[in-house]
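Understanding the architecture of this molecule
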Amino acid sequence: MSTPIPLIRSTLLAQFPYARLAQSTRQGEGADAPFGFNLGYGLGDDDTRVTGNIARFAARLDLDPEDLAFMKQVHGDTIREITQAGVYDDTDALITRQPGVGLTVRTADCVPVMLYAPGENLVAAVHAGWRGTAEHITQKTAMRVIEEFGVEPEALYAYVGASAGSCCYEVGEDVAALFPEGWVLRRDEGNPHLDLKGLNTHQLEQCGVPAANIEVSEHCSIHEETLLHSWRRDAQRSGRMLTTIVLQEEI
């Protein structure tokens, strides 16, 4: 009997019948798996195991692995509109109106931001680490959806996924200097903390997306050791999680 695969879902987006979304965790493999339920290659895990895990994750979304669209994420601000699955080089955001194509973000602390415009039957997926957030990747993606596809900001919905929380995400002063002080938390001692999820939420709100249309995961990848992968916590021993959003064919 295979190990169950716990998934994180969006309560907000679950109300819509033509979009599916799920985020994996580190749970879903047996105790002997060195990286837990790992969905990332090139980390020292067995490639066959990773491929099998990706297939199991995809199946939970009623997809085949060949239906997933991956990005070779480079912490930049390149946004691509696509019509088919595959791997897209040097990309940190994808947009599609094609049903059955699972837009996928791979993370281990960075923020996955998933957008859905039900009126236009359009989805987008954004990979936002601190570099991408400094480049306003989430804001640029939302504005492209609004301006190029005619989506009203009030008709755009977002899920800001499980990732490093401000409770644990320490940065150096050089990184902190890139962001408004309101999103940099300073305590009596130690390094400043950065609120990545809050920043990306703010970028969406700057585009006119109502706060009620944005769901922000409360999960912190760094301190929830048994649930989530974290590069900051585990470094070379960290696996990767996937967050996928897919349109269903309207009947």
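Residues numbered from 1 in each chain as written. Predicted model: local features only at pLDDT ≥ 70, side-chain atom pairs only at ≥ 80, totals over all residues. Heavy atoms only, no water.

1. Regarding the layout of surface pockets
Think of a ball as big as a water molecule: rolled over the atoms, this probe shows where empty space is left. Computed from the structure, the largest pocket encloses a volume of approximately 460 Å³. Lining the largest pocket are 21 residues, and of these His-75, Ala-108, Cys-110, His-127 and Arg-240 lie nearest its centre. Elements supplying a minimum of two residues to the lining of the largest pocket: strand S7 (102–107), helix H2 (130–134) and helix H6 (231–234). The class makeup of the residues in the lining of the largest pocket is nine nonpolar, six polar and six charged. (1 Å grid on protein atoms, 1.4 Å probe; cavity = no way out; pocket = protein on both sides within 12 Å on 5 of 7 lines; lining within 4 Å. Points joined across faces, edges and corners; volume = space filled by probe spheres on them. Helix = DSSP H or I, 4+ residues; strand = E, 2+ residues; numbered from the N terminus. Nonpolar A, V, L, I, M, F, W, Y, C, P; charged D, E, K, R; others polar.)

2. Looking at the packing of aromatic side chains
Considering all chains together, one arrives at two aromatic pairs under this definition. Ring centres of Phe-16 and Tyr-116 lie 5.4 Å apart, and the angle between their planes is 70°; on these two criteria the pair is classed as edge-to-face. In this pair, Phe-16 is assigned in the loop between strand S1 (7–8) and strand S2 (19–24) and Tyr-116 in strand S8 (residues 111–117), connecting sequence segments 100 residues apart. Given a relative accessible area of 15%, Phe-16 falls into the buried group. Judged by centre distance (4.8 Å) and plane angle (65°), the ring pair of Phe-16 and Tyr-157 falls under edge-to-face. On the criterion of sequence distance, the pair formed by Phe-16 in the loop between S1 and S2 and Tyr-157 in strand S10 (residues 157–160) is long-range, its members being 141 residues apart. Members of the aromatic cluster, each reached through a chain of ring pairs, are Phe-16, Tyr-116 and Tyr-157. (Phe/Tyr/Trp six-rings, centres within 6.5 Å; stacked < 30°, edge-to-face > 60°. Buried < 20%, exposed > 50% of the residue type's maximum accessible area, 1.4 Å probe, protein only.)

3. Quick notes on the pattern of salt bridges
In total, this model carries 11 salt bridges according to the counting rule given. The salt bridge partner of Arg-49 is Glu-29, with a shortest N-O separation of 3.5 Å. With a gap of 20 residues between them, Arg-49 in helix H1 (residues 47–60) and Glu-29 in the loop between S2 and H1 connect regions that are remote in the sequence. Under the relative-accessibility criterion, Arg-49 is labelled partly exposed at 25%. On the basis of relative accessible area, Glu-29 is assigned to the partly exposed category, the value being 22%. Each of the salt bridges in this network shares a partner with another, and the network as a whole consists of Arg-26, Arg-233, Asp-234 and Arg-237. (Salt bridge = Lys/Arg side-chain N within 4 Å of Asp/Glu carboxyl O.)

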